[in-house]
Amino acid sequence: MNFVRRFETRRPKFSTRGEVEIIKDTVEKDLRVLRDFMQTHEGKASQSAVNTALIVSVASLLLGLVGIVLDSCDDLSCRQRDYPVEK
């Protein structure tokens, strides 16, 4: 009788196959949504990485332009260089 009494007290904790299938289906749907979300955001860069790359590229562009201007100017006065002409 002790076994029967124990079984009766634990019986409300058991789930039927139908209940388990319903819970399983909802969990699988939630996992599918999570997987889709992770796949769409897996290859995207963060905003801070994009901003850093933008700052570095603008700085390098400005330094390149300054280098071109300084190379074409003689003593910071932008006049044409006199190259020796071969005769």
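No experiment lies behind these values; they were computed from the predicted model shown.

Draft legend 1. Just the overall build of the protein, in detail. Across its full length, the protein carries three helices and zero strands. A total of 87 residues make up the protein; the buried ones form 1% of that total. For the protein, the exposed surface amounts to about 8800 Å²; the carbon and sulfur share of it is 61%.

Draft legend 2. View of a nonpolar patch on the surface. The grouping of Ile23, Val27, Leu31, Leu34, Phe37 and Met38 at the surface amounts to a nonpolar patch, some 570 Å² of accessible area in total. Locating methionine 38 in the fold gives a position in helix α2 (residues 17-41).

Draft legend 3. Local environment of the confidence of the model for the protein. Here the protein averages 80 in pLDDT, and 71% of its residues register 70 or above. Taken element by element, the predicted model of the protein shows its lowest mean pLDDT in helix α1 (residues 2-10) (69) and its highest in helix α3 (residues 47-72) (91).

What counts and what doesn't
- Residues numbered from 1 in each chain as written.
- Predicted model: local features only at pLDDT ≥ 70, side-chain atom pairs only at ≥ 80, totals over all residues.
- Heavy atoms only, no water.
- Helix = DSSP H or I, 4+ residues; strand = E, 2+ residues; numbered from the N terminus.
- Buried < 20%, exposed > 50% of the residue type's maximum accessible area, 1.4 Å probe, protein only.
- Areas by Shrake-Rupley, 256 points an atom, 1.4 Å probe, with all protein chains shown as cover.
- Patch = residues over 30% accessible without salt bridge, like charges linked within 9 Å, V, L, I, M, F, W, Y side chains within 5 Å.
- Salt bridge = Lys/Arg side-chain N within 4 Å of Asp/Glu carboxyl O.
- pLDDT = per-residue confidence, 0-100.

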